[in-house]
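Notes for the structure review
The chain contents come next:
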Amino acid sequence: MAYLVRINGIELPVPSSYTSKTIDIVDSGRNADGVIVSQIVRSNVSSIDLKWNYLTVEDWSNILAFFKNNFTNTVTYFDMVEGGFVSKEMYIGDRDADMSQFKNGIPTAWQNCSLSLVEV
């Protein structure tokens, strides 16, 4: 199976949407003259946003479980800067989903499942 993201060596379902970001962390402020004074604290920090149009309750729960007891995990993903797969320690940011199916009083599927993974 083809994959875009693995966590701790385990392939995630291929997301419906995959957004790669690279950010610079900057410490900045304005001086008494109103001019910005800044310095780069860290360059080229990676982040990826993943979205699945539909996942079963079990699949979504399995994805979220990686970060339930571990703040960081080793994530292997396709990096736009490197033009290939890299592995980095990442933590999970916001995650959300809309209930899609409900049967016998229990949710059975989610839609619009999304999460962000950010390099430590």
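Residues numbered from 1 in each chain as written. Predicted model: local features only at pLDDT ≥ 70, side-chain atom pairs only at ≥ 80, totals over all residues. Heavy atoms only, no water.

Digging into the overall build of the protein chain
Which entries qualify depends on this criterion: In this text, helices come from DSSP runs of H or I with a minimum length of four residues, and strands from runs of E with a minimum of two, each type numbered from the N-terminal end. Both definitions apply: the radius of gyration is a C-alpha atom measure, and the globule rule equals 2.2 Å times residues to the power 0.38.
Secondary structure summary: the protein chain contains 1 helix and 7 strands in total. What you see in the protein chain, going N to C, is helices and strands ordered as β-β-β-β-α-β-β-β. Computed over the C-alpha atoms, the radius of gyration of the protein chain is 18 Å, more than 25% above the 14 Å expected from 2.2 N^0.38 for a compact globule of 120 residues. Dimensions of the protein chain, computed from C-alpha atoms along their principal axes, come out at roughly 65 × 30 × 25 Å.

Considering the environment of Val57
For clarity, the cut-off: Residues count as neighbours in contact if any of their non-hydrogen atoms are within 4.5 Å of one another.
Position of Val57 relative to the elements: it lies in helix α1 (residues 57–65). Counting along the chain gives 31 residues from Val57 to Lys88, while the straight-line C-alpha distance between them is 27 Å. Setting aside residues no more than four positions away along its own chain, Val57 makes contact with Pro107, Thr108, Ala109 and Trp110.

Overview of the sheet that holds strand β1 (residues 5–7)
For clarity, the threshold we go by: Should DSSP find at least two bridges between two strands, the strands are regarded as paired.
Strands sit in the order β2-β1-β5-β6-β7-β4-β3 across an open sheet of 7 strands; the sheet is antiparallel. The open sheet terminates on both sides in strands that have one partner only, identified here as β2 (10–11) and β3 (17–30). Pairing of strand β6 (residues 84–103) with strand β7 (residues 106–119) involves 10 bridges; the strand directions are antiparallel. Bridge pairing links Asp98 to Gln111 in β7.

Remarks on a nonpolar patch on the surface
Quick reminder of the rule: Grouping into patches uses exposed residues only, defined as over 30% relative accessible area, and leaves out salt-bridged ones; the cut-off is 9 Å for like charges and 5 Å for nonpolar side chains (Val, Leu, Ile, Met, Phe, Trp, Tyr). Accessibility throughout is a Shrake-Rupley quantity obtained with a 1.4 Å probe, and a residue counts as covered only by protein chains that appear here. Salt-bridge detection follows one rule: a side-chain nitrogen of Lys or Arg within 4 Å of a carboxyl oxygen of Asp or Glu.
Among the surface-exposed residues, Ile23, Ile25 and Val41 lie close enough to one another that they form a single nonpolar patch of about 250 Å² accessible area. The topology assignment puts Ile25 in strand β3.

Function cannot be read off these values alone, since they describe shape.
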